[in-house]
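The chain contents come next:
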Amino acid sequence: MPTHHKLAFPALALLLLNSACQSETAKTETTTTETAADTTAAAPANADSATKKYLAEPLVKDIYTADPSAHVFNGRIYIYPSHDIETGMPENDNGDHFAMKDYHILSMDSIGGKVTDHGVALDIKDIPWAGRQLWAPDAAFKDGTYYLYFPVKDKQDIFRIGVATSKSPTGPFKAEPKPMEGSLSIDPAVFTDTDGKTYMYMGGIWGGQLQRWRTGKYDGSKPKEQEPAATEPSVGPRVARLGADMKQFAEPVREVKIVDKDGKVLLSGDNNRRFFEGAWMHKYNGKYYFTYSTGDTHFLAYATGTSPYGPFTYQGTFMNPVQGWTTHHSIVEIKGKWYIFYHDTQLSDKTWLRNVKVTELKRNADGSIALINP
Ligand code: FUB
């Protein structure tokens, strides 16, 4: 999450880079939005954005949405995003201005087709253990039940991951009475392997609190918690296999290693490459592709491996910075083509009021991911 001091210089450089990138490719996608329920905010026109060129257009314009986790269930595309709202919370180092209170699920028949907003699927007031800040969710389906996984701070202000269930992919979802045992931090991403085993990746540093778990126990005692020193190994995301009930982990949560070509864990000071938040996993040609945001350098990066647990070898950046501080995505195969769902701040130009988008993900013949300029 944003820390203003760290951000000042890179932000300027990235703004320049971003506008250069954006002028490179001009492609728009046309979607129609059908809103099936009341919406909380009409997006105001953003004067700056009118003159900018974007690779894709927002999928919905009458609410703010972010962190899109996309899945195909029964042939239809479902997007599980955060629902950004204006709460007036001042921007700070902990990301308090991301004070979301519910989830809306979006769906569409096909890429470029009409997008339906299915209204409130889960409200924070219906999660018994929740304190504040419903952040980036994900979803899974097994044996007739849909599972919505979500990070939220508990009443002690510690991020945990919860699960809620429904018989419909669009909810309403009913939350379990407690967070998942052993869960921590933010940004759950659920991946079912070709052998049917399901894993959850999770974690995010800074406001996502992952660095507070370095000893294995939560330590919120330091007033300004820090990443490890620049020359120390970076904090890795976490992974655990889910049990048959999809509601608990079947094993202890373990740290994922992201390494360089020499097998060395990326260093904490390697801000252009180290993991920050927003993990996603997909498998392509038998290889595991772990993708993530580098946070304060605003890239989407990928690393590959031969096991869902890693280690994953860093391969490169595959998306240049979007407009807005945060970078969060999902990757999904739809009718033989691969797509990336992501967000930027085209509608509002405010980091905490984002809009989700989709564009095709292309690969080179060797399986490497082609760079996207959003
Ligand atoms: O939406 C809140 C947080 O911002 C997410 O959890 C992060 O991935 C970042 O997108």
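Rules and cut-offs
- Residues numbered from 1 in each chain as written.
- Predicted model: local features only at pLDDT ≥ 70, side-chain atom pairs only at ≥ 80, totals over all residues.
- Heavy atoms only, no water.
- UniProt positions renumbered as here; feature names shortened; annotations may be inferred.
- Helix = DSSP H or I, 4+ residues; strand = E, 2+ residues; numbered from the N terminus.
- Buried < 20%, exposed > 50% of the residue type's maximum accessible area, 1.4 Å probe, protein only.
- Contact = heavy atoms within 4.5 Å.
- Areas by Shrake-Rupley, 256 points an atom, 1.4 Å probe, with all protein chains shown as cover.
- Salt bridge = Lys/Arg side-chain N within 4 Å of Asp/Glu carboxyl O.
- Core = buried A, V, L, I, M, F, W, Y, C linked by side-chain atoms within 4.5 Å.
- Phe/Tyr/Trp six-rings, centres within 6.5 Å; stacked < 30°, edge-to-face > 60°.
- Lys NZ or Arg CZ within 6 Å of the ring centre and 35° of its normal.
- Pairing = 2+ DSSP bridges.
- 1 Å grid on protein atoms, 1.4 Å probe; cavity = no way out; pocket = protein on both sides within 12 Å on 5 of 7 lines; lining within 4 Å.
- Points joined across faces, edges and corners; volume = space filled by probe spheres on them.
- Nonpolar A, V, L, I, M, F, W, Y, C, P; charged D, E, K, R; others polar.
- Axes fitted to C-alpha atoms, helices over the stretch in contact; angles between N-to-C directions.

Per an unreviewed UniProt entry, the recorded name for the protein is Glycoside hydrolase family 43 protein, and the organism is Hymenobacter lucidus. You can read under Sequence similarities (unreviewed entry) in the UniProt record for the protein the words "Belongs to the glycosyl hydrolase 43 family."

Student: Would you mind going over the overall build of the protein with me for this structure?
Tutor: Across its full length, the protein carries two helices and 22 strands. In the protein, which comprises 374 residues, the share counted as buried stands at 59%. Contacts in the protein between residues at least 24 apart in sequence constitute 57% of all its contacts with a sequence separation of at least 6. Summed over its atoms, the accessible surface of the protein is roughly 15000 Å², and 52% of this surface lies on carbon and sulfur atoms.

Student: Just checking my understanding: could you explain the pattern of salt bridges for this structure?
Tutor: Side chains that carry opposite charge are capable of pairing whenever their charged atoms lie near each other. Evaluation of the coordinates by the stated rule reveals 18 salt bridges. In this structure, D67 engages R354 in a salt bridge whose closest nitrogen and oxygen atoms are separated by 3.7 Å. Taken together, the residues span a long stretch of sequence, with D67 in strand β2 (residues 64-73) and R354 in the loop between β21 (337-344) and β22 (355-360) at a distance of 287 residues. For D67, a relative accessible area of 6% translates into the label buried. Residues K337 and E360 are paired through a salt bridge, measuring 3.9 Å at the closest nitrogen-oxygen approach. One end of the pair, K337, is in strand β21; the other, E360, is in strand β22, with 23 residues separating them in the sequence. Residue E360 is classed as partly exposed on the basis of its relative accessible area of 26%. Here the residues in one salt-bridge network are D96, R132, K153 and D157, joined through shared partners.

Student: Mind showing me how you'd approach the nonpolar core here?
Tutor: Across soluble globular proteins, you tend to see nonpolar side chains buried next to one another. Formed by 44 residues in total, the largest nonpolar core has its most connected members in Y201, F290, Y292, F318, M319, I340 and L361. Contributions of two or more residues to this core are made by β11 (189-192), β12 (198-202), β16 (277-284), β17 (287-293), β18 (300-305), β19 (312-319) and β21. Residues within four places of L361 in sequence aside, it is in contact with F318, I331, W338, Y339, I340, I369 and I372. Counting 29 residues, the second-largest nonpolar core is a separate cluster that includes I127, A130, L148 and W352.

Student: What should I look at first to understand the packing of aromatic side chains in this one?
Tutor: Two numbers describe a pair of aromatic rings. These are the distance of the centres and the angle of the planes. Under the criterion given, the structure shown has 24 aromatic pairs. When the centroid spacing of 5.7 Å and the interplanar angle of 55° are considered together, the rings of Y201 and F290 count as tilted. With a gap of 89 residues between them, Y201 in strand β12 and F290 in strand β17 connect regions that are remote in the sequence. In this pair, the class of Y201 matches that of F290, namely buried. The side chain of R363 reaches across the aromatic face of Y289, ending 5.2 Å from its centre.

Student: Please explain the sheet that holds β11 as it appears in this structure.
Tutor: In a beta sheet, neighbouring strands are held together by backbone hydrogen bonds and run either parallel or antiparallel to one another. One open sheet holds the four strands; their spatial order is β11-β12-β13-β14, and the pairing between them is antiparallel. The open sheet has two edge strands with one neighbour each: β11 and β14 (254-255). For β11 and β12, the ladder comprises four bridges, and the chain directions are antiparallel. Within β12, the residue paired with V190 across the bridge is M200.

Student: Where do I start with the layout of surface pockets in this structure?
Tutor: Sizing a probe to match a water molecule and rolling it over the atoms shows the empty space that remains. In this model, the largest pocket occupies a volume close to 440 Å³. Taken together, 22 residues form the lining of the largest pocket, with H71, V190, F191, T192 and V332 sitting closest to its centre. Here the lining of the largest pocket is composed, by residue class, of 14 nonpolar, five polar and three charged.

Student: Would you mind showing me how to read the sheet that holds β21 here?
Tutor: In space, the three strands of this open sheet follow the order β20-β21-β22, with antiparallel pairing throughout. Each edge of the open sheet carries a strand with a single partner, namely β20 (329-334) and β22. Going across the sheet, the axis of each strand differs from the next one's by a mean of 25°, ignoring polarity. Relative to β22, β21 runs antiparallel, the two sharing six bridges. Paired with D344 across the bridge in β22 is N355.

Student: Is there a simple way to explain the pairing of β21 in this structure?
Tutor: Remark: a regular strand shows side chains that alternate across the two faces of the sheet. The element β21 is extensively covered by neighbouring structure, given that seven of its eight residues are classed as buried. Alignment of β20 against β21, held across six bridges, turns out to be antiparallel. Each residue of the ladder has a partner; that of H329, found in β21, is Y342. Linking two consecutive strands that pair antiparallel, namely β20 and β21, is a turn of two residues; a positive phi of about 50° is found at K335 within it.

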